[in-house]
Number of protein chains: 2
Amino acid sequence: MAPKALDYESLNENVKKVQYAVRGELYLRASELQKEGKKIIFTNVGNPHALGQKPLTFPRQVVALCQAPFLLDDPNVGLLFPADAIARAKHYLSLTTGGLGIFLIHLSCAYSDSRGLPGVRKEVAEFIGRRDGYPSDPELIFLTDGASKGVMQILNCVIRGEGDGVLVPVPQYPLYSATISLLGGSLVPYYLEETANWGLDVNDLRQSVAQARSRGITVTELLTNLSCNVYCYQTEFLTLYYLQVRAMVIINPGNPTGQCLSVANLREILHFCYQENLVLLGDEVYQQNVYQDERPFISSRKVLMDMGLPFSKEIQLVSFHTVSKGYFGECGQRGGYFEMTNIPPKTVDEIYKIASISLSPNVPAQIFMGLMVNPLKPGDISYEQFVRESKGIIESLRRRARMMTDGFNSCRNVVCNFTEGAMYSFPQIRLPPKAIEAAKQAGKVPDVFYCLKLLEATGISTVPGSGFGQKEG
Amino acid sequence: MAPKALDYESLNENVKKVQYAVRGELYLRASELQKEGKKIIFTNVGNPHALGQKPLTFPRQVVALCQAPFLLDDPNVGLLFPADAIARAKHYLSLTTGGLGIFLIHLSCAYSDSRGLPGVRKEVAEFIGRRDGYPSDPELIFLTDGASKGVMQILNCVIRGEGDGVLVPVPQYPLYSATISLLGGSLVPYYLEETANWGLDVNDLRQSVAQARSRGITVTELLTNLSCNVYCYQTEFLTLYYLQVRAMVIINPGNPTGQCLSVANLREILHFCYQENLVLLGDEVYQQNVYQDERPFISSRKVLMDMGLPFSKEIQLVSFHTVSKGYFGECGQRGGYFEMTNIPPKTVDEIYKIASISLSPNVPAQIFMGLMVNPLKPGDISYEQFVRESKGIIESLRRRARMMTDGFNSCRNVVCNFTEGAMYSFPQIRLPPKAIEAAKQAGKVPDVFYCLKLLEATGISTVPGSGFGQKEG
């Protein structure tokens, strides 16, 4: 009998091709061990609170009140909630009286506008304006269920087929390889220079594009360029085809490499996008996670605006942010936004249409976003506590970043760049020939083999570098 | 200069082809009028709380406590929250100590398992077991950000290209036409018989499939078969091609037609899927919205199990549910689940992998799902209130269903089947020739024209039947 629609043999090939290392072999093995009662420390995703980071009190107070608005009518509410949390809750509840005409009490149990609550998008626009020194338009800001959903929506518009390429930094965060694969596009890798503190060499970029453009991508190239997981889902292209590179992804601060890009580097990148006619996707979810002062975070948008005409009006840019990282670390709420610069109105309408299919992003996370971009001000009752808590989180992350890299560099056969930002360290570990031999025996990539051993021995669950498409070694 | 990656001309065609009536011309015009200060009543999506349905108190109390777990340490917590809400909040907070090893305080600020919290999936499995009289396996239940996200994940696995067809009821909910279009598949319509209270004629089904199978779909066929929005995105197939029908969607209780399918009808449908080797997608999000007693809701899964071998072990079924409808009506939380029956483990792994790309469904909505499937029991402190509130909601919906259909049928040139379930009425309005003429003048489909006039005159925002792909007239 013919295979059924949901038998493995007859599934959509793009689904099967997806490789997702973050929840890959290591994660699954770790989960098994945990089921067997072993204590596991997961480091595979940036999951701040699972690693002991406490949520900020004030945002949780506000969202709790928005979830249970009837508390606002309770004479005792003041015993459990400070006045500024109550005021802010009323503010967000009132925002929903516009939009879809929802009554105060009904917030977050009604679909919002598919782009998110207009009032929250206004707060995001004001935050971006303050941050960059250039005004931002709420109509060009869409709220999403986490930044990853936004990335998927935009790539879905960009990728038309396997002939469309997207430049992705290697080592890279598997969200991009997985999404590009799922959408049937082609990943075009560019390398971050470990020896140059994960800086970005634009000449290397030009080469990657020229190579892809002129000759398309072939299996053999990918075999040499890429490590297994980015490569696997490409094996089917046995023939050369013309490849058009349409977009470039930068992750700043870097995941998994933790670097902050310099203004000069960002200008080079934008200039490159202008010349090559690429839309730039700026993954800036770690903009609050910066652990040194020499090189603060600067948004791609600010650098673009500073460049002036023609660039500031010509280069298409989509920037992504989230409530999951920084001192908020509210991963489980699934809140994010993307802002569009120089994207034509007709395209914005199309993206709105696609967002409408899943009706609306979840409303509580939209409120967390509002609280993140519109924080407490000096004088507010909860301000002291808010600052104390958020400072504590960033400083402890900063300490840990220092500890991690120092620790790695103090080990024999291990080198690691300092983690300037984000939440990850990406050490290079030189394995002795015997270990590599043993890995071959076990039929595993050496670093996967090492990580598995590390997991069994210590209960620390990591992600092998090959999972990020890093070069051998 | 060549168009940029995000210029309209160079977008993914599947994105452009998507037609989404629920937020289409009518909705946009209504939003404009609202901006101009006109009072608009939106009826375009089932948005219970926006239409005056109050959220249930108990679930909101529990989720508020989970959002602000520090309240549990406050001596005054008992003044604002009943003991059973506090106990239930502790229960859900404790569920997260398994899974990803999150500490009590960190709930909902950490990613959960990509399939959802194991403890909540267990509660869902128990609910399904009680409902159907057959045990259910939590490992085959995935929690999602609303049911629509689950539908998209499953269709993404089923649809490999435009040669893959999915049977969708007409009139239908645009989620399906939009998603199939976005994924580049082909919608194969089957008609619900308005004259037979929106029943499903399996002979008509056979014809639809035979037709599609043997000859593929052509533009002219679609022109005659379908109204504009389902048709538009197909216009590109100018040549015949072989079409393989792989899946069938049923919406029970019906959206937008409100019927409840009988056991006999469900048996016929399942038998048909068995013969035609189709996976059945059972959209059962309205299972709590039933307004008559003659024909209660019965799940596809129960009917399948009752059919016994070989069917109960052979037919692939995915069932969908949500917290957005019923007496919960928690649309804004975006919570849902799907349960897989007779889906091979290797496929379940693939679906898990795809779910992992967006990391995890939002955690608060997972708790709402737990609260919906595991409601309060007699004797619980809040039980009386819970029953009073939920009864009140369903009875008011029942009253309104009766009022609507009676009201429609009392109008000249309007007929409407009684709304047995769901949240919608689908009346047929016979327009006088002059109105149809005027519509032609305005270059609009007659019913779109009528709905626009209705909106301008009364502020009531509706969805034209053609938006659901209903036959002319």
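Thresholds, definitions, all that
Residues numbered from 1 in each chain as written. Chains lettered and ligands numbered in written order. Predicted model: local features only at pLDDT ≥ 70, side-chain atom pairs only at ≥ 80, totals over all residues. Heavy atoms only, no water. Helix = DSSP H or I, 4+ residues; strand = E, 2+ residues; numbered from the N terminus. Buried < 20%, exposed > 50% of the residue type's maximum accessible area, 1.4 Å probe, protein only. Contact = heavy atoms within 4.5 Å. Axes fitted to C-alpha atoms, helices over the stretch in contact; angles between N-to-C directions. Parallel < 35°, antiparallel > 145°, perpendicular 65-115°, else oblique. Left-handed = near helix turned anticlockwise from the far one by under 90°. Phe/Tyr/Trp six-rings, centres within 6.5 Å; stacked < 30°, edge-to-face > 60°. pLDDT = per-residue confidence, 0-100. Pairing = 2+ DSSP bridges. Expected span 1.5 Å × (residues − 1). Arc of directions from axis to C-beta. Disulfide = S-S within 2.5 Å. Salt bridge = Lys/Arg side-chain N within 4 Å of Asp/Glu carboxyl O.

## Let's talk about unusual backbone geometry
Residue and element names in this part refer to chain A.
At step 1: Across the junction of asparagine 252 and proline 253, the peptide omega takes the value -5 degrees, indicating a cis bond.
At step 2: Secondary-structure assignment places proline 253 in the loop between strand E6 (244-251) and helix H12 (263-276).
At step 3: With an omega of -5 degrees, the peptide bond running from leucine 309 to proline 310 counts as cis.
At step 4: Phi at asparagine 277 is positive, roughly 60 degrees, even though this residue is not glycine.
At step 5: When you line up the elements, asparagine 277 lands in the loop between H12 and strand E7 (279-283).
At step 6: The exposure class of asparagine 277 is buried, given its relative accessible area of 19%.

## Description of the side chain of B:Glu350
At step 1: Mapped onto the elements, B:Glu350 comes out in helix H15 (residues 345-357).
At step 2: Beyond its immediate chain neighbours, meaning those up to four positions away, B:Glu350 contacts A:Tyr8, A:Leu11, A:Val15 and A:Lys16.

## Quick look at the packing of helix H7 (residues 147-158) of chain B against helix H8 (residues 174-182) of chain B
Helices that pack against each other are described as a pair by the angle of their axes relative to one another and the distance between those axes.
All names here are of chain B.
At step 1: Where H7 meets H8, the closest approach of the two axes is 10 Å, and the angle between their N-to-C directions is 40 degrees. Our classification of the angle between H7 and H8 gives oblique. As for the relative orientation of H7 and H8, their crossing is right-handed in sense. Across from Ser148, Val151, Met152 and Leu155 in H7, the residues of H8 making contact are Leu175, Tyr176, Thr179 and Ile180.

## Remarks on the packing of aromatic side chains
Here the distance between the centres and the angle between the planes together describe a pair of aromatic rings.
Residues and elements named next belong to chain A.
At step 1: Summed over all chains, the structure comprises 8 aromatic pairs over all chains.
At step 2: Look at phenylalanine 320 and phenylalanine 338: their rings are 6.1 Å apart centre to centre, the planes differ by 50 degrees, and that puts the pair in the tilted class. Pair noted here: phenylalanine 320 is in strand E8 (residues 317-322) and phenylalanine 338 is in strand E9 (residues 336-341), with a separation of 18 residues, a long-range link. With respect to burial, phenylalanine 320 and phenylalanine 338 carry one shared label: buried.
At step 3: Through a chain of ring-to-ring contacts, the aromatic side chains of Phe142, Phe320, Phe338 and Tyr352 assemble into a single cluster.

## A word on the confidence of the model for chain A
Residues and elements named next belong to chain A.
At step 1: On average, residues of chain A score 81 in pLDDT, and 83% of them are at 70 or above.
At step 2: Per-residue pLDDT, averaged within each element of chain A, yields its smallest value for helix H11 (residues 228-232) (32) and its largest for helix H13 (residues 300-307) (97).
At step 3: Every residue in residues 98-109 scores below 50 in pLDDT, and together they form 55 contacts with partners more than four places removed in sequence or on other chains.
At step 4: Predicted confidence for residues 218-240 stays below pLDDT 50, and this span has 44 contacts to residues more than four positions away or in other chains.
At step 5: As a predicted assembly, this complex carries a pTM of 0.82 together with an ipTM value of 0.80.

## Considering the pairing of strand E3 (residues 164-170) of chain A
Residue and element names in this part refer to chain A.
At step 1: Counting buried positions along E3 yields 7 of 7 residues, so the element is predominantly enclosed.
At step 2: Both faces of E3 are covered, namely the face carrying Asp164, Val166, Val168 and Val170 and the face carrying Gly165, Leu167 and Pro169.
At step 3: Sheet topology places E3 next to E6; 4 bridges connect them, and they run parallel. Looking across to E6, one finds that leucine 167 is bridged to methionine 248.
At step 4: Taken together, the 6 bridges between E3 and strand E4 (residues 186-193) define a ladder with parallel strand orientation.

## Regarding the pairing of E6(A)
All names here are of chain A.
At step 1: Buried residues dominate E6, accounting for 7 of its 8 residues.
At step 2: Pairing analysis gives 5 bridges linking E6 to E7, with the strands arranged parallel. Bridge assignment links isoleucine 251 to a residue of E7, and that residue is aspartate 283.

## With respect to helix H19 (residues 446-458) of chain B
Residue and element names in this part refer to chain B.
At step 1: End to end, H19 covers 18 Å across 13 residues, agreeing with the expected 18 Å (1.5 Å per residue, within 8%).
At step 2: Those residues of H19 lying buried are Val448, Phe449, Cys451, Leu452 and Leu455. The arc enclosing the buried residues of H19, seen along the axis, measures out at 165 degrees, which places them on a common side. Opposite its buried face, H19 presents the exposed residues Lys453 and Ala457, each directed more than 90 degrees away.
At step 3: Summarising the contacts, the buried residues of H19 are in contact with helix H2 (25-35), helix H18 (433-442) and strand E12 (460-461).
At step 4: Positive phi shows up at glycine 459, right after H19, with a value of about 80 degrees.

## Let's talk about the state of the cysteines
Residue and element names in this part refer to chain A.
At step 1: Within the structure shown, the criterion is met by 0 disulfides over all chains.
At step 2: With no disulfide of its own, cysteine 273 has cysteine 157 as its nearest cysteine by sulfur position, at a separation of 18 Å.
At step 3: By relative accessible area, which is 2% here, cysteine 273 ends up buried.

## Describing H2(B)
At step 1: Listing the buried residues of H2(B) in full gives B:Leu26, B:Tyr27, B:Ala30, B:Ser31 and B:Leu33. Taken end-on, H2(B) shows its buried residues confined to a sector of 160 degrees, consistent with a single buried face.
At step 2: Contacts made by the buried residues of H2(B) are with helix H15 (345-357) of chain A together with strand E1 (41-42), H19 and E12 of chain B.
At step 3: Looking one or two residues past H2(B), B:Gly37 carries a phi angle of roughly 100 degrees, positive in sign.

## A few points about the pattern of salt bridges
At step 1: Evaluation of the coordinates by the stated rule reveals 26 salt bridges over all chains.
At step 2: Salt bridges here are not isolated pairs; linked through shared partners, they connect A:Arg131, A:Asp132, A:Arg301 and A:Glu339.

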